[in-house]
Amino acid sequence: TSATIVHHPEHADVCLFASMARLSTNVRPTLYDVHLRPDLSAFTFSGTVRITVSVEQATKQITLHALQLNVGAARFRSAGGDGSSLVGTVGDIDATNEWFTIDFDQEVPAGDGGVLEVEFDGVLNDKLAGF
């Protein structure tokens, strides 16, 4: 997926991703559905994000931004055809670039797009990174 820099006339001084490395444009997000489950007594949280994506070019890898998260299971469900699902293998988070890569044994097909679902957890701290 890709983070797009948007310069809004009313918020011209805000550009959150200007200094970050750019992600591939072969998979583009169109909708984020985030569910967070905070545990305030343990200062932790877990969650799931379902990202509706448009797949511009078939790929065996999808890279996402993340900071101070433990990323668990990842799946891609195709929107077209039989709605088949691919299970991905999540790599380590690259702390320098604040991203991680999901590898698939088969190509995520171009065309109809689908939903990428990723499970994660993290620690609640005063920086609220990842939350």
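Residues numbered from 1 in each chain as written. Predicted model: local features only at pLDDT ≥ 70, side-chain atom pairs only at ≥ 80, totals over all residues. Heavy atoms only, no water.

1. Details of unusual backbone geometry
Turning to step 1, where the next piece is worked out: Even without being a glycine, Gln 68 presents a positive backbone phi close to 55°.
Turning to step 2, where the next piece is worked out: Since its relative accessible area comes to 46%, Gln 68 is described here as partly exposed.
Turning to step 3, where the next piece is worked out: Non-glycine residue Glu 98 carries a positive phi angle of around 60°.
Turning to step 4, where the next piece is worked out: Structurally, Glu 98 can be placed in the loop between strand S5 (85-90) and strand S6 (99-108).
Turning to step 5, where the next piece is worked out: Residue class for Glu 98 comes out partly exposed when judged on its relative accessible area of 26%. (Buried < 20%, exposed > 50% of the residue type's maximum accessible area, 1.4 Å probe, protein only. Helix = DSSP H or I, 4+ residues; strand = E, 2+ residues; numbered from the N terminus.)

2. Thoughts on the sheet that holds strand S7 (residues 114-123)
Turning to step 1, where the next piece is worked out: Ordered in space as S1-S2-S7-S4-S5-S6-S3, the 7 strands form an open sheet in which the pairing is antiparallel. Each having just a single partner strand, strand S1 (27-39) and strand S3 (59-65) make up the two edges of the open sheet. Strand-to-strand twist of the sheet, defined as the mean angle between neighbouring strand axes without regard to direction, takes the value 20°.
Turning to step 2, where the next piece is worked out: By the bridge criterion, 12 bridges tie S1 to strand S2 (residues 44-55) in an arrangement that is antiparallel. Residue pairing for S2: Val 34 is matched across the bridge by Val 49. (Pairing = 2+ DSSP bridges. Axes fitted to C-alpha atoms, helices over the stretch in contact; angles between N-to-C directions.)

3. Topic: the nonpolar core
Turning to step 1, where the next piece is worked out: Core analysis: the largest hydrophobic core is formed by 21 residues, its most contacted members being Leu 64, Ile 102, Phe 104, Leu 116 and Val 118.
Turning to step 2, where the next piece is worked out: For this core, the elements supplying multiple residues, two or more each, are S2, S3, strand S4 (70-78), S6 and S7.
Turning to step 3, where the next piece is worked out: Residues contacting Leu 116, with those up to four places away along its chain left out, are Val 49, Arg 50, Ile 51, Ile 62, Leu 64, Arg 75, Phe 76, Ile 102 and Phe 104. (Core = buried A, V, L, I, M, F, W, Y, C linked by side-chain atoms within 4.5 Å. Contact = heavy atoms within 4.5 Å.)

4. Side note on a nonpolar patch on the surface
Turning to step 1, where the next piece is worked out: A contiguous nonpolar surface patch, about 270 Å² in accessible area, is contributed by Tyr 32, Val 34 and Leu 36.
Turning to step 2, where the next piece is worked out: Locating Leu 36 in the fold gives a position in strand S1. (Patch = residues over 30% accessible without salt bridge, like charges linked within 9 Å, V, L, I, M, F, W, Y side chains within 5 Å. Areas by Shrake-Rupley, 256 points an atom, 1.4 Å probe, with all protein chains shown as cover. Salt bridge = Lys/Arg side-chain N within 4 Å of Asp/Glu carboxyl O.)

5. A look at the confidence of the model for the chain
Turning to step 1, where the next piece is worked out: The share of residues in the chain with pLDDT of 70 or more is 78%, and the mean pLDDT across the chain is 81.
Turning to step 2, where the next piece is worked out: A low-confidence stretch, residues 1-20 (pLDDT under 50), is modelled with 28 contacts involving residues beyond four sequence positions or located in other chains. (pLDDT = per-residue confidence, 0-100.)

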